[in-house]
Amino acid sequence: MSECPVCQTQYIPSNGNCCSVCGWDLTPYPPTLVQSVPSEFLQQQSVQLDWARQMWAKWSFSQGVWQTLSPLKEQLSQIQQQLQQAQQERQDLHEQLQQLLPQLDQPLPTLNTETHQESTPLPPLEVAVLNYELIEHQFTLNDFSDSVLSVAISPDGETLVSGGYDNMIKLWNLQTREMIRTIPGHTNSVVSVAISPDGETLISGSADNSLKIWNLNTGDSIMTADEHLDSVLSVAISPDRKTVASASSDGTIKLWDLITGYEIRTLFGHADAVLSVAISPDGQSLVSGSSDDTIKVWNLKKGKEIRTLIGHTNSVLSVAINPDGKTLVSGGYDDTIRVWNLKTGEEIRTITGHNDSVLSVAVSPAGQILVSGSSDNTIKVWHLKTGKEIHTLRGHSSSVISVALSRDGKTIASCSSDKTIKVWRVLS
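Here we summarise the structure given alongside this text.

Definitions and cut-offs
Residues numbered from 1 in each chain as written. Predicted model: local features only at pLDDT ≥ 70, side-chain atom pairs only at ≥ 80, totals over all residues. Heavy atoms only, no water. Helix = DSSP H or I, 4+ residues; strand = E, 2+ residues; numbered from the N terminus. Buried < 20%, exposed > 50% of the residue type's maximum accessible area, 1.4 Å probe, protein only. Areas by Shrake-Rupley, 256 points an atom, 1.4 Å probe, with all protein chains shown as cover. Polar contact = N/O pair within 3.5 Å; in protein donor to acceptor, adjacent residues only side chain to side chain. Contact = heavy atoms within 4.5 Å. Pairing = 2+ DSSP bridges. Axes fitted to C-alpha atoms, helices over the stretch in contact; angles between N-to-C directions. Salt bridge = Lys/Arg side-chain N within 4 Å of Asp/Glu carboxyl O. Phe/Tyr/Trp six-rings, centres within 6.5 Å; stacked < 30°, edge-to-face > 60°. Core = buried A, V, L, I, M, F, W, Y, C linked by side-chain atoms within 4.5 Å.

What follows is about the overall build of the chain. Counting its secondary structure elements, the chain contains 2 helices and 30 strands. The buried share of the chain, taken over its 428 residues, is 46%. Accessible area for the chain stands at about 21,700 Å²; split by element, carbon and sulfur atoms hold 49% of it.

Our next topic: the side chain of Ser147. Checked against the element boundaries, Ser147 lands in the loop between strand E3 (135–141) and strand E4 (148–153). Within the structure, the side chain of Ser147 is placed 3.4 Å from the backbone oxygen of Ser417, a separation counted as a polar contact. Filtering out sequence-adjacent residues up to four positions away, Ser147 remains in contact with Gly164, Tyr165, Ser416, Ser417 and Lys419.

With that out of the way, let us pick up unusual backbone geometry. Despite not being glycine, Asn167 shows a phi value in the positive range, around 70 degrees. Topologically, Asn167 is positioned in the loop between strand E5 (159–164) and strand E6 (169–173). In the Ramachandran plot, Arg241 falls in the positive-phi region, its phi being about 65 degrees despite a non-glycine side chain. Following the sequence through the fold, Arg241 ends up in the loop between strand E12 (232–237) and strand E13 (243–248). Assessed through its relative accessible area of 10%, Arg241 is described here as buried.

Taken together, 4 strands build an open sheet; the order of strands is E12-E13-E14-E15 and the sheet is antiparallel. At either margin of the open sheet sits one strand with a lone partner, and together these are E12 and strand E15 (263–267). Sheet twist, expressed as the average angle between the axes of neighbouring strands with direction ignored, equals 20 degrees. Relative to E13, E12 runs antiparallel, the two sharing 5 bridges. Across the sheet, residue Ile237 finds its bridge partner in E13, namely Val244.

The strand order E16-E17-E18-E19 describes an open sheet built from 4 strands, whose pairing is antiparallel. Each edge of the sheet is formed by a strand with only one pairing partner; in this case those strands are strand E16 (274–279) and strand E19 (304–310). Neighbour-to-neighbour, the strand axes of this sheet turn through a mean angle of 20 degrees, independent of strand direction. With 5 bridges joining them, strand E17 (residues 285–290) and strand E18 (residues 294–299) adopt antiparallel strand pairing.

What follows is about the environment of Thr9. Inspection of the secondary structure puts Thr9 in the loop between strand E1 (2–3) and strand E2 (10–11). It is 8.4 Å that separates the C-alpha atoms of Thr9 and Ser20, two residues lying 11 residues apart in sequence.

With that out of the way, let us pick up the pairing of strand E7 (residues 179–183). Pairing geometry for E6 and E7, over 4 bridges, is antiparallel. Bridge pairing in E7 places Trp172 opposite Met179.

Okay, the pattern of salt bridges next. Evaluation of the coordinates by the stated rule reveals 8 salt bridges. Arg338 serves as the salt-bridge partner of Asp334, at 3.6 Å between the closest nitrogen and oxygen. Accessibility expressed as a relative area gives 10% for Arg338, which makes it buried. Glu347 serves as the salt-bridge partner of Arg338, at 3.2 Å between the closest nitrogen and oxygen. Overall, the relative accessible area of 27% leaves Glu347 in the partly exposed class.

This paragraph deals with the packing of aromatic side chains. Summed over the entire model, instances satisfying the criterion amount to 1 aromatic pair. Judged by centre distance (5.6 Å) and plane angle (50 degrees), the rings of Phe144 and Trp172 are tilted. Placement of Phe144 in the loop between E3 and E4 and of Trp172 in strand E6 is noted, with a sequence separation of 28 residues between them. Summarising the burial analysis for this pair, Phe144 and Trp172 share the class buried.

Ranked by internal contacts, the top residues of the largest apolar core, which has 16 residues, are Tyr132, Ile135, Val371, Ile379 and Val381. For this core, the elements supplying multiple residues, two or more each, are strand E25 (369–374), strand E26 (379–383), strand E27 (389–393), strand E28 (400–405) and strand E30 (421–426). Residue contributions to this core peak at 3 residues, all from E28. Discounting residues that sit within four places of it in the chain, Val371 has contacts with Ser360, Val361, Ala362, Ile379, Lys380, Val381, Val403, Leu405 and Ile412. Counting 14 residues, the second-largest nonpolar core is a separate cluster that includes Phe139, Leu141, Ile421 and Val423.

Next comes the structure, spelled out in structure tokens:
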């Protein structure tokens, strides 16, 4: 009996055969040939044999691991089936709940201890046409350890909310300039914040893949949704305060019922990360901008794609809808701002003037003015109808990542990777 030099399996020598286990050629060389074989050939054969032994050892190890793990395969399959069944049951319950909601005399309570009030549209705000040529810097907030990624102003104009790389949400009193509170909870950067039209609820999206809902007045957590597979980059709330939209690096948009906390549906269609979302004033349309260089318009109620807008030559970083619901504004990595007809999808104009990416866009409540923040460290104010630049606000020493306007249009907030927030005031 002899032993295979690779796998050590015993075999009976013959004139020509291969190992029945590892397949190594076991054909012996004739004695006369062995005496005349050059040393280089023997060295090459030795190297090949060493390699074969190493490969066999690795394969044997992997087979051993698989045999160890194979009993778990059936258990994992059963768990997966149970998860799928639970997801289906959850969806069925949600559909039943949606059918029951119209029959209830009183609305269901929110997920916190307070009673939910019936969502009624807020009365339209009469906004004066302001002179945006007269803007002054009011103050700077610099109590941050890292970049500030998102800002929002409450409907009453009294509270400023920010999120940033420090994983924290911070609330500020815009009158006293003092911090109201810091809200911990996220385990990674807070990329986006949004405030409900009634000023009661705060939504935050984070690089920890979660969406969180908070009571803005108390800072208490109401709900956490972590069903995205990647960072939540943008959040928006419908005007009736019933639906939340979240956009993610996983390429999807999810819609959530703000009353129950259940996921309504997931929107698929973008070929890359979804960077920004906005909901139309009438609550009928959702707009999304993506790293796939496109903008998509969706029917919010049905979750169906209406059209795709093509024009940007690089990622669409920010989208905003005019309060009149007729036009859409987008800012891109291609350094441009584009204005679109929301109903037809036609591009109305391209606005140029920034020297770097347009990271954030916002439209004034009166619908006449556009404000943009850019990687060129500036904020620009534009006439929306003409595309003419009115004002350039300088002061940040790094990229302006997010801009927000108050409901009366008189206050502009901007945040930056220079670790500050700046507040600007329209004088008339």
